[in-house]
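Structural overview
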Amino acid sequence: MPPVLAAANDFLWGQLLLVVLVGVGLLFTIASRGVQFRYFGRMWGVLASALHHEAGHVSSFQALVVSVAGRVGGGNIAGVAVAITLGGPGAVFWMWLIGLMGMATSFFECSLAQLFKRNEPGGTYRGGPAYYLVHGVGQRGLAVVYSVLLLITFGLGFNAVQSYVVATSLEASFGVPPWASGAALVLLVGITIFGGIKRIARVAEVVVPVMALSYLLSALVVIWLHIDEVPAVFALIVKSAFGLEPAVGGGLGVAVMQGVKRGLFSNEAGLGSAPNVAAVAHVPHPANQGVVQALSVFIDTLIMCSCTALIILLSDLYVPGDVSVEGVALTQGALASHIGPWGAQFLSVCLVLFAFSSIMYNYYLGENSLNFFREEDQRLFTVFRVAVLGLVFWGAAQDLGTVFGFADLTMGLLGLVNLVGLLWMYPLAMRLLRDYDAQLAAGGEPRLDPAAWQDVDIDPAAWRD
């Protein structure tokens, strides 16, 4: 990665975004009286009701699993390992904390995406930050910048990177040539994305629970094998988080920095990516999907990242201060030390599923950005789909350090634009939450009344049910 690009990323992610994302998360947590805690039980209840599919629509559950497909990925396996290697076990505590605050940010950005979604032919919707920047605060210029960054980052850059991760992992574990991995991915992704968001949602509905539960099961096996040591590991995480242990990793400051940075990078709360998917769900009130999407942050950071942390910290492979083994190699080695050599191969299969689901998610974000410029232009979508498949095949055989670094930079800028919009719409966000709170307090199931929002540029056709 060129030094200038590395320096720009360090400043953006290590200083600017760190402060802004944490600040926004705190603001929304305090202003909402801890909406992510008040409605934690309701998250699971709303999720259960969301398993019902309304004919012709994308369900709330399907939108959830598509967004989980994007949030849960390499960051949960490699990112956590890097955080622990550089920042010590205490970094995990700060990942948990940033995940809990990020749940509030995700609640509001996804609720606003729902509020300003637009009705599309065939029973689907479009929405996301570009749409609430235009219809919520009237800033089309910011929306254009956001859409361009979204297309570059997710629609193009990260798809090639995900393909590279799959190819290198399969080659290392099973000896599969990169071109063969690339060709197989092209076939699977092509079959999926040419069916549009409904097919993506149906595939994600199967793939995501399988990949998440498989990885969770492996962690539970490790915990069961070392059940007597688990309390000591949690104590180590908490003590290290506050510098109560001898200098582990990089000390207290590095533990905080690595935990916050990796937590933000993993769960994407506030970056504006998940709202693009949250907007497509068919729900009675925008906040219903906000509650469900907050759960996706919990799944990513509090569950999946914790699985990786326990697999590593319960193994003998982790040596404080040793940075010679990190990332995927550390997690693979740790799992293999618990359940045998096949553990590394199992993790490779998990990575393939994570990457495949992320490519589907990334593709839809790119399609959504194109739709903002040219609504439902099928020829443009076809060209974009072919370009994505070409990048998937190309990326399998490339060293994409520079591409990844550039995509990191554009994703950081994407987050800044989205956060500006969220702060701008703070009064609307609070109004939406008050409406939801009041309807629940009255004992009814919250529903959005379009007549009560005539002063706001919502699409009544998206709420006629």
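Residue numbers here run from 1 along each chain, matching the order of that chain's written sequence. This being a predicted model, a pLDDT of at least 70 is required before a residue's local features are given, and a value of 80 or more before pairs of side-chain atoms are given or counted; all residues contribute to the totals for chains, interfaces and linings. Excluded from the side-chain calculation are hydrogens and water; included are all heavy atoms of the structure.

For the protein chain, the count of helices and strands is 19 helices and two strands. By the compact-globule yardstick of 23 Å for 465 residues, the protein chain fits well, its C-alpha radius of gyration being 21 Å. Principal axes of the C-alpha set define a box for the protein chain whose edges measure 60 × 50 × 45 Å. In the protein chain, which comprises 465 residues, the share counted as buried stands at 58%. Secondary structure elements follow DSSP: runs of H or I of four or more residues count as helices, runs of E of two or more count as strands, with numbering from the N terminus. Put simply, the radius of gyration uses C-alpha atoms, and a globule should come to 2.2 Å times the residue count raised to 0.38. Burial classes follow relative accessibility: with a 1.4 Å probe on protein chains only, a residue under 20% of its type's maximum area counts as buried, one over 50% as exposed, and anything between as partly exposed.

This part is about the pattern of salt bridges. Here the idea is simple: oppositely charged side chains can pair when their charged atoms come close. By convention in these notes, a salt bridge is any Lys or Arg side-chain nitrogen within 4 Å of a carboxyl oxygen on Asp or Glu. Overall, the coordinates contain seven salt bridges when judged by the stated rule. Here the salt bridges do not stand alone but share partners, grouping Arg33, Arg38 and Asp437 into one network.

With that out of the way, let us pick up unusual backbone geometry. Positive phi is not limited to glycine here, since arginine 33 has a value of about 55 degrees. Note on placement: arginine 33 falls in the loop between helix 1 (3–31) and helix 2 (35–38). Residue classification places arginine 33 among the exposed residues on the basis of a relative accessible area of 57%.

Here the focus is the environment of arginine 42. Looking at the secondary structure, you find arginine 42 in helix 3 (residues 40–49). Linking arginine 42 and isoleucine 191, residues 149 residues apart in sequence, is a C-alpha distance of 36 Å. Working rule for contacts: check all heavy atoms of both residues, and any pair within 4.5 Å makes them a contact. Not counting the four nearest positions on each side in its chain, arginine 42 is found in contact with Val291, Tyr436, Leu440, Glu445 and Pro446.

Attention now goes to the packing of aromatic side chains. Stacked, edge-to-face and tilted are the three classes for Phe, Tyr and Trp ring pairs, Trp counted by its six-membered ring, which pair at centre distances within 6.5 Å; planes under 30 degrees apart are stacked, over 60 edge-to-face, the rest tilted. Tallying each qualifying case throughout the model produces 17 aromatic pairs. One aromatic cluster is present, built from ring pairs that chain together Phe28, Phe107, Phe108 and Tyr426. Criterion for a charge above a ring: Lys NZ or Arg CZ within 6 Å of the ring centre, and within 35 degrees of the ring normal. Over the ring of tyrosine 125 we find lysine 117; its NZ or CZ atom is 3.9 Å from the centre of that ring.

Attention now goes to helix 9 (residues 178–193). Quick reminder: α-helices carry 3.6 residues per turn. Residues three or four places apart thus point the same way. Compared with an ideal rise of 1.5 Å per residue, which puts 16 residues at 22 Å, helix 9 spans 22 Å between its outermost C-alpha atoms and is within 8% of the ideal. Ser181, Gly182, Leu185, Val189, Gly190, Thr192 and Ile193 are the residues of helix 9 that are buried. What you see down the axis of helix 9 is that its buried residues fit within an arc of 155 degrees, all on one side. The outward face of helix 9, more than 90 degrees from its buried face, is lined by the exposed residues Trp179 and Leu187. For helix 9, the secondary structure elements touched by its buried residues are helix 8 (140–174), helix 10 (196–225), helix 16 (342–373) and helix 17 (378–395). One fewer than the residue count of a helix, multiplied by 1.5 Å, yields its expected span. Our arc is simply the arc of the directions from the helix axis toward the C-beta atoms.

Glancing now at the packing of helix 6 (residues 90–115) against helix 14 (residues 286–313). Whenever a helix is involved, its axis is fitted only over the stretch in contact; in every case the axis is a line through C-alpha atoms, and angles between N-to-C directions fall within 0 to 180 degrees. Between helix 6 and helix 14, the least distance of the axes is 7 Å, while the angle of their chain directions is 155 degrees. One way to sum up the angle between helix 6 and helix 14 is to call them roughly antiparallel. You can see that helix 6 and helix 14 cross each other, and the crossing is right-handed. Here the nonpolar group is Ala, Val, Leu, Ile, Met, Phe, Trp, Tyr, Cys and Pro; Asp, Glu, Lys and Arg are the charged ones; every other residue, Gly included, is treated as polar. Class assignment for the residues of the contact of helix 6 with helix 14 results in 17 nonpolar, ten polar and no charged. Angle categories are assigned with fixed cut-offs, so that under 35 degrees is roughly parallel, over 145 is roughly antiparallel, 65 to 115 is roughly perpendicular, and the rest are oblique. With the far helix as reference, a near helix turned anticlockwise by less than a right angle produces a left-handed crossing, and one turned clockwise produces a right-handed crossing.

This part is about the confidence of the model for the protein chain. Scored by pLDDT, the protein chain has a mean of 84; 91% of the residues are at 70 or more. Per-element averaging of pLDDT across the protein chain places helix 12 (residues 251–267) at the bottom with 71 and helix 19 (residues 426–441) at the top with 95. One number per residue, pLDDT, summarises how confident the predictor is, and it ranges from 0 to 100.

We now examine the side chain of glutamate 367. Within the secondary structure layout, glutamate 367 lies in helix 16. Setting aside chain neighbours within four positions, we find glutamate 367 in contact with Arg126, Phe381, Phe384 and Arg385.

A word on a nonpolar patch on the surface. Together, Leu217, Leu220, Val221, Trp224 and Leu225 line one region of the surface with nonpolar side chains, adding up to about 530 Å² of accessible area. Positionally, tryptophan 224 belongs in helix 10. You can call tryptophan 224 exposed: its relative accessible area is 66%. Here, patches come from residues exposed beyond 30% relative accessible area and free of salt bridges, joined within 9 Å for like charges and within 5 Å for nonpolar side chains (Val, Leu, Ile, Met, Phe, Trp, Tyr). Shrake-Rupley sampling with a 1.4 Å probe provides the accessible areas, and residues are treated as covered by the protein chains on show and by no other component.

Quick look at the state of the cysteines now. Disulfides are defined in this document as cysteine sulfur pairs within 2.5 Å. Taken as a whole and assessed by the stated rule, the structure comprises zero disulfides. In this model cysteine 110 remains outside any disulfide bridge; the closest cysteine sulfur is found in cysteine 305, 18 Å from its own. Among the residues examined, cysteine 110 registers a relative accessible area of 0% and is labelled buried. As a non-bridged cysteine, cysteine 305 has cysteine 307 as the owner of its nearest cysteine sulfur, 9.1 Å distant.

Soluble, globular proteins show a tendency: their nonpolar side chains are buried together. By nonpolar core is meant a set of buried Ala, Val, Leu, Ile, Met, Phe, Trp, Tyr and Cys residues that side-chain atoms within 4.5 Å join together. With 150 residues, the main nonpolar core has Leu112, Phe116 and Tyr215 as its most contacted residues. A total of 17 residues in this core trace back to one element, the largest contributor, which is helix 14. If we ignore the near neighbours within four places in the chain, the residues touching phenylalanine 116 are Tyr131, Tyr132, His135, Gly136, Met425, Leu428, Val456, Asp457 and Ile458.

On to the packing of helix 9 against helix 10. Between helix 9 and helix 10, whose axes approach to 7 Å, the crossing angle comes to 125 degrees. Compared by their axis directions, helix 9 and helix 10 come out oblique. Listed contacts from helix 10 to Ile191, Thr192 and Ile193 of helix 9 are Gly196, Arg199, Ile200 and Val203. Residue composition of the contact of helix 9 with helix 10, by class: four nonpolar, two polar and one charged.

Tracing the chain through its elements places alanine 442 in the segment after helix 19. Of the residues examined, alanine 442 reaches a relative accessible area of 67% and is grouped as exposed. As a C-alpha pair, alanine 442 and arginine 202 span 240 residues in sequence and 35 Å in three-dimensional space.

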